[in-house]
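Working through the structure, step by step
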Amino acid sequence: MSEVRTRFAPSPTGNLHVGGAHTALFAWLFARHEGGKFVLRIEDTDEVRSTDESLAAIYDGLRWLGIDWDEGPDVGGPYAPYIQSERLEIYEDYINRLIESGRAYRCFCTPEELEERREIQRARGMPPRYDRACVDLPEDQLQTWLAEGKPYCVRFRVEDEGTTVINDVVRGEVSFDNEVLGDFVIRKTSGYPTYHMAVVVDDYLMKISHVIRAEEHLSNTPSHVQLMEALGFDVPVFAHLPLIMGTDRTKLSKRHGAVNLMDYKEQGFLPEAMRNFLALIGWSPGTDEEILDLQQLIDRFTLEGVSKSPGIFDLEKATWLNGEYLKRADAEYLTELLLPMLREHDLIEDDLSPERRRWLVDVVDLMKERTRLLKDFVTWGRYFFTEDFPYDNRARKKWLSREEVPERLDMLAERIEALETWDVDSIEQAIRGLADELDVSASKIIHPCRAACTGQTIGPSLFHLMELLPQDSVVRRLRRAAELGRAGEMEPVGSVDEGPDD
RNA sequence: GGCCCCAUGGUCUAGUGGUUAGGACUCCGCUCUUUCAAGGCGGCGGCACGGGUUCGAUUCCCGUUGGGGCUACCA
């Protein structure tokens, strides 16, 4: 059996979106599982919409997810070039062969004429297909128009009788009546090939064994198969993947909010979590396993495990999964990912001292257990980095606005200030000692202290969190909260219900 | 409209001609803890509908309904 070769063939007309990333991931996983090659090919035959920025964005997105390619525009390969706009002569050659063999012909109909006739067909309840007005132009007419330089495109003459059956690994046999096919354009007036032409030629020349792409291409496949047959190409194995839908069950698109893969990076998704999540849409290892690292995905991935039905992009579950990865992740690694985000929010200096860096790793280690997105570190964990943090309503209502609290905070501040060592044990002793002295339960000190130091009622272990704050800062926080409490400025604000108050 | 694809809780899914239809997210309880947004335990909730085939259908076939895709000189 010949080598497995798959490809991802995006058009550089925007950022790498979630759907594209999903398709790329599946094609890549299959190639890796089979020990084959994965090719990146850029389909920029849409001259109007293709951009260089978009190409860069595709590279970035794939690399972020950990998808590498054995052949592609930047790394080259035996079938270079891998950018379609650089392969124009190749398509031209095949198009000419089709014209010579009578399987393709020049069409001089203008877009306006075509649209007009399509309207008529639709009005009559007929499928809008090209009416073959130019299929057998008299030779002299053809020559005259050509001589005049009248613009034309080239159409493939489809076989319109019988059926075309395609064998799809995920869908089985799918057959199409050829009479529904129209003579589609293979070369635009501009001279560029259409997607249909370029994809067929390149998949053949690049020896793609498995065409793995999204289901939206299934209906185009019989046209492609006819083209392959007319050109004498072998037909590859097809695998049409289920689409990813938005919550409204239509194909995921801009309307659904974040469809740009890198938006998720911005929000603090880890690439390994996103990759794991994407893999689980429309594929299952056949077991209950859900958290799968890269190697496990590669080991378990098969086309048989791909489902036929479309899947909805469930942000809730993606977020949960990300939290699982955050919990398991190495704090040093997370720190690296977090730094740019902290800098963006002016929460940390640009040049970190080694001590400061170790401190940050400790903060990350303490917080990662309960975060779900990297950005939680800058919101929930803001108080680690600045004394300028808000007091939330729960903290105000439950503790900070209580009459007895300011005095206790001041007493605690005094004890904290007097501590000669600053570690978990001494902090705990100071707090519990005060509680004992006042003859109240420790929680009566712990909770107000947390509220004063963090502005929140929830978070990591209080003593550990305090240890990571500078001693003098803790003292300031306690005194400030006491002062604001006395001044009556710790009343809950706004009308936002922060939840039950027990 | 035509063609094609799809159909297990709200979501992602496992699974079978005979199962108490399994797991995960979400939600809701309970529990542990200095707090929960963490941990532990538990619960609600599903085979779209109608016909067949069969001793027996969630599973196989047909239809209906619903959803989606394609129907471009976009890919």
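Thresholds applied
- Residues numbered from 1 in each chain as written.
- Chains lettered and ligands numbered in written order.
- Predicted model: local features only at pLDDT ≥ 70, side-chain atom pairs only at ≥ 80, totals over all residues.
- Heavy atoms only, no water.
- Helix = DSSP H or I, 4+ residues; strand = E, 2+ residues; numbered from the N terminus.
- Buried < 20%, exposed > 50% of the residue type's maximum accessible area, 1.4 Å probe, protein only.
- Contact = heavy atoms within 4.5 Å.
- Areas by Shrake-Rupley, 256 points an atom, 1.4 Å probe, with all protein chains shown as cover.
- Lys, Arg positive; Asp, Glu negative; His and termini not counted.
- Charge placed at Lys NZ, Arg CZ, Asp CG, Glu CD.
- Pairing = 2+ DSSP bridges.
- Axes fitted to C-alpha atoms, helices over the stretch in contact; angles between N-to-C directions.
- Domains from an automatic or database assignment.
- Buried area = accessible area lost by both parts, 1.4 Å probe.
- Polar contact = N/O pair within 3.5 Å; in protein donor to acceptor, adjacent residues only side chain to side chain.
- Nonpolar A, V, L, I, M, F, W, Y, C, P; charged D, E, K, R; others polar.
- Near = heavy atom within 4 Å.
- Expected span 1.5 Å × (residues − 1).
- Salt bridge = Lys/Arg side-chain N within 4 Å of Asp/Glu carboxyl O.
- Right-handed = clockwise from strand over helix to strand, strands pointing away.
- Core = buried A, V, L, I, M, F, W, Y, C linked by side-chain atoms within 4.5 Å.

1. Some details on the overall build of chain A
Secondary structure assignment for chain A yields 20 helices and 11 strands. Within chain A, the proportion of its 502 residues that are buried is 49%. Summarising the internal contacts of chain A: among those between residues at least 6 apart in sequence, 74% fall at separations of at least 24. Just so you have it, chain A exposes about 23900 Å², and 47% of that area is on carbon and sulfur atoms. In chain A, which carries 60 positive and 93 negative side-chain charges, the distance between the mean positions of the two groups comes to 2 Å.

2. So, the sheet that holds strand 3 (residues 104-107)
Pairing within the open sheet is antiparallel, and its 3 strands lie in the order 3-4-7. Each edge of the sheet is formed by a strand with only one pairing partner; in this case those strands are strand 3 and strand 7 (185-187). On average, each strand axis in the sheet is inclined to that of its neighbour by 45 degrees, with strand direction left out of account. As paired strands, strand 3 and strand 4 (residues 153-156) are joined by 4 bridges and run antiparallel to one another. The residue of strand 4 that forms the bridge with A104 is F156.

3. Some words on the domain arrangement of chain A
You can read the domains of chain A as domain 1 (5-84 + 244-312), domain 2 (87-241), domain 3 (329-384) and domain 4 (393-486). With centres defined by C-alpha atoms, the gap from domain 3 to domain 4 works out at 23 Å. Domain 3 puts 10 residues into the contact, and the matching count from domain 4 is 10 residues. Interface area, domain 3 with domain 4, both sides summed: about 860 Å², of which 67% is carbon and sulfur. Taken together, domain 3 and domain 4 are joined by 4 residue pairs in polar contact (both at pLDDT 80 or more). No other element matches the 5 residues that helix 13 (residues 354-367) contributes to the side of domain 3 that touches domain 4. Of the residues that constitute the side of domain 3 that touches domain 4, the class distribution is 7 nonpolar, 1 polar and 2 charged.

4. Points about the protein's contact with RNA strand B
Inspection of the region around RNA strand B gives 66 residues, with R249, G282, R370, W380 and I458 positioned closest. By atom count, sugar and phosphate contribute 70% of the portion of RNA strand B lying within 4 Å of the protein. Between T45 and RNA strand B, the recorded distance is 2.8 Å, taken from a side-chain N or O atom to a phosphate oxygen. The backbone of T457 places a nitrogen or oxygen atom 2.8 Å from a sugar or linking oxygen of RNA strand B. Of all the secondary-structure elements, those providing two or more residues to the surface near RNA strand B are helix 4 (111-123), strand 4, strand 6 (172-177), helix 6 (195-205), strand 11 (311-312), helix 11 (315-328) and helix 18 (443-454).

5. What to know about helix 1 (residues 18-34)
With 17 residues, helix 1 should reach 24 Å at 1.5 Å per residue; the first-to-last C-alpha distance of 24 Å fits that figure. One or two steps after helix 1, the chain reaches G35, where phi turns positive at roughly 70 degrees.

6. Description of the pattern of salt bridges
Enumeration over the complete set of coordinates arrives at 36 salt bridges. R343 serves as the salt-bridge partner of D350, at 3.7 Å between the closest nitrogen and oxygen. For D350, a relative accessible area of 61% translates into the label exposed. If you follow the salt bridges from partner to partner, you end up with R7, R41, E43, R87, D202 and D203 in one network.

7. Here we look at the pairing of strand 8 (residues 210-214)
Side chains on a regular strand alternate between the two faces of the sheet. In terms of burial, strand 8 is a largely internal element, 5 of the 5 residues being buried. Pairing geometry for strand 8 and strand 9 (residues 237-241), over 5 bridges, is parallel. Bridge pairing in strand 9 places A214 opposite L241. This β-α-β element, strand 8 to helix 7 (residues 221-231) to strand 9, shows right-handed connectivity.

8. A few points about the side chain of T221
If you trace the backbone, T221 turns up in helix 7. You can call T221 buried: its relative accessible area is 0%. A distance of 2.9 Å separates the side chain of T221 from the backbone oxygen of H217, its partner in a polar contact. Those residues in contact with T221, other than ones at most four positions away along the chain, are I166, R213, F238 and H240.

9. Digging into the nonpolar core
Within soluble globular proteins, side chains that are nonpolar generally end up buried alongside one another. Judged by nonpolar contacts, the single largest core of 114 residues is most densely connected at L278, F384, I431 and L478. When residues in this core are grouped by element, the largest group, 10 residues, is from helix 1. Not counting chain neighbours up to four residues away, the residues in contact with F384 comprise W359, V363, L366, M367, L465, L468 and L469. Within the second largest apolar cluster, 32 residues are counted, among which are V39, Y91, V199 and V200.

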